[in-house]
Amino acid sequence: MSDHDYHAELDARGLFCPEPVMLLHNRIDDVEVGQVLRVVATDPSTTRDIPRFCQFLGHELLSQQEADGEFLFLIRRCQD
């Protein structure tokens, strides 16, 4: 899956723990099961917190990468 194959985006740049994950809890509900949410963050703790969020709530982390000080995640919603 490329970085352009997503249905919605959460821009969490400039926010610090726990705000990105708190916003993710709400934003994931805006996409349908099977759709992909792209998250962009600048807080390094998201590299730990977002994979745990996905594992705990049963969503699929499709990709995780860092580019120019930003952390990019593609998450497929798998649960209601």
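Definitions and limits used
Residues numbered from 1 in each chain as written. Predicted model: local features only at pLDDT ≥ 70, side-chain atom pairs only at ≥ 80, totals over all residues. Heavy atoms only, no water. Pairing = 2+ DSSP bridges. Helix = DSSP H or I, 4+ residues; strand = E, 2+ residues; numbered from the N terminus. Axes fitted to C-alpha atoms, helices over the stretch in contact; angles between N-to-C directions. Contact = heavy atoms within 4.5 Å. Expected span 1.5 Å × (residues − 1). Buried < 20%, exposed > 50% of the residue type's maximum accessible area, 1.4 Å probe, protein only. Arc of directions from axis to C-beta. Disulfide = S-S within 2.5 Å. Polar contact = N/O pair within 3.5 Å; in protein donor to acceptor, adjacent residues only side chain to side chain. Salt bridge = Lys/Arg side-chain N within 4 Å of Asp/Glu carboxyl O.

Turning to the sheet that holds strand β4 (residues 70-76), a few remarks are in order. Strand order in the open sheet formed by four strands is β1-β2-β4-β3, and the pairing between neighbours is mixed. Edge positions in the sheet fall to β1 (8-12) and β3 (60-67), since each has one partner strand and no second. For this sheet, the mean angle separating the axes of adjacent strands, direction not counted, is 15°. Contacting β1, β2 (36-41) and β4, helix α1 (residues 19-27) runs over the sheet at an angle of about 160° to β1. Most of the contacts of helix α2 (residues 46-57) go to β4, to which it runs at about 5°, and overall it touches β2, β3 and β4.

Turning to α2, a few remarks are in order. Here α2 is twelve residues long and its end C-alpha atoms lie 16 Å apart, about the 16 Å a rise of 1.5 Å per residue gives. By the burial criterion, the buried members of α2 are Thr46, Asp49, Ile50, Phe53 and Cys54. Down the axis, α2 shows its buried residues gathered within 130° of arc, on one side only. Opposite the buried face of α2, by more than 90 degrees, sit the exposed residues Arg52, Gln55 and Phe56. Taken together, the buried residues of α2 touch α1, β2, β3 and β4. Following α2 by one or two positions, Gly58 has its phi on the positive side, about 80°.

Let us look at the state of the cysteines. In total, this model carries zero disulfides according to the counting rule given. Cysteine Cys54 shares no disulfide, and the gap to the nearest cysteine sulfur, in Cys78, comes to 8.7 Å. On the basis of relative accessible area, Cys54 is assigned to the buried category, the value being 2%.

We now examine the side chain of Thr46. If you trace the backbone, Thr46 turns up in helix α2. Within the structure, Thr46 has its side chain in polar contact with the backbone oxygen of Asp43 (distance 2.7 Å). Ignoring anything within four residues of it in the chain, the contact list for Thr46 reads Pro20, Ala41, Pro51, Phe71 and Phe73.

A few words now on the pattern of salt bridges. Evaluation of the coordinates by the stated rule reveals seven salt bridges. A salt bridge links Arg77 to Asp29, with the nearest nitrogen and oxygen atoms 4.0 Å apart. Pair noted here: Arg77 is in the segment after β4 and Asp29 is in the loop between α1 and β2, with a separation of 48 residues, a long-range link. The partner of Asp49 in a salt bridge is Arg48, and the shortest N-O contact between them spans 2.9 Å. Connected via shared salt-bridge partners are Asp11, Arg13 and Glu70.

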